Amino acid sequence: MSTPVRAFVVNTLETMNLDTAGVTDETPIGDDGLELESLTTAELVMQVEEEYGVKFSDEDVEALQTLTIGEFVAQVEQRSTQVTAQAGSA
């Protein structure tokens, strides 16, 4: 799946000097995948929050370690749609 959100996530990881070669939607963010540490995951989330106007709680950030890139992108897209819908109804 290639979406603007996925491209942003991969580009952000690259700017954080992480190797994204071979990253697919099935690549885990944590163990046996990108092996992101909690601080790196938090930095990624901050970049996504700033770009898309979404929010993740501390518990959400901790849970990201168990997700794949595709699952994370889907969450961002879902939250972004909700933010847009709320802004439209205001």
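Keep in mind that this is a model prediction, so the values were computed, not measured.

A. Seen up close, the overall build of the protein. A tally of helices and strands in the protein yields four helices and zero strands. Ordering the α and β elements of the protein from the N terminus gives α-α-α-α. Its C-alpha radius of gyration of 13 Å places the protein within 12% of the 12 Å reference for a compact globule of 90 residues. Taken over 90 residues, the protein has a buried fraction of 37%. Residue pairs in contact within the protein that sit at least 24 positions apart in sequence constitute 60% of those at least 6 positions apart. Of the roughly 5400 Å² of accessible surface on the protein, a fraction of 49% belongs to carbon and sulfur atoms.

B. Spotlight on the pattern of salt bridges. Taken as a whole and judged by the stated rule, the model has two salt bridges. For aspartate 25, the salt bridge goes to arginine 6, with nearest N and O atoms at 2.7 Å. Note that aspartate 25 is positioned in the loop between α1 (4-15) and α2 (38-52) and arginine 6 in helix α1, a separation of 19 residues in sequence. The pair aspartate 25 / arginine 6 is uniform in exposure class, with both members buried. Across the pair arginine 79 and aspartate 60 runs a salt bridge whose closest N-O atoms are separated by 3.3 Å. Here aspartate 60 lies in helix α3 (residues 58-63) and arginine 79 lies in helix α4 (residues 69-89), a separation of 19 residues in the sequence.

C. Broad picture of α1. A rise of 1.5 Å per residue sets the reference length of α1, with its twelve residues, at 16 Å; its end C-alpha atoms lie 16 Å apart and thus fit the reference within 8%. Along α1, the residues that are buried comprise Val5, Arg6, Phe8, Val9, Val10, Thr12 and Leu13. The inward-facing, buried residues of α1 contact α2 and α4. Where α1 terminates, the next one or two residues include asparagine 17, which has phi positive at roughly 65°.

D. Spatial organisation of the packing of aromatic side chains. Per the stated rule, a full pass over the model turns up two aromatic pairs. Here the aromatic rings of phenylalanine 8 and tyrosine 52 are separated by 5.5 Å at their centres, their planes lie at 90°, and the arrangement is edge-to-face. Highlighted residues: phenylalanine 8 in helix α1 and tyrosine 52 in helix α2, separated in sequence by 44 residues. You can call phenylalanine 8 buried: its relative accessible area is 18%. Its end group placed over the ring of phenylalanine 56, arginine 79 keeps NZ or CZ at 4.0 Å from the ring centre.

Parameters at a glance
- Residues numbered from 1 in each chain as written.
- Predicted model: local features only at pLDDT ≥ 70, side-chain atom pairs only at ≥ 80, totals over all residues.
- Heavy atoms only, no water.
- Helix = DSSP H or I, 4+ residues; strand = E, 2+ residues; numbered from the N terminus.
- Rg over C-alpha atoms; globule rule 2.2 N^0.38 Å.
- Buried < 20%, exposed > 50% of the residue type's maximum accessible area, 1.4 Å probe, protein only.
- Contact = heavy atoms within 4.5 Å.
- Areas by Shrake-Rupley, 256 points an atom, 1.4 Å probe, with all protein chains shown as cover.
- Salt bridge = Lys/Arg side-chain N within 4 Å of Asp/Glu carboxyl O.
- Expected span 1.5 Å × (residues − 1).
- Phe/Tyr/Trp six-rings, centres within 6.5 Å; stacked < 30°, edge-to-face > 60°.
- Lys NZ or Arg CZ within 6 Å of the ring centre and 35° of its normal.

Just geometry here; none of it tells us what the structure is for.
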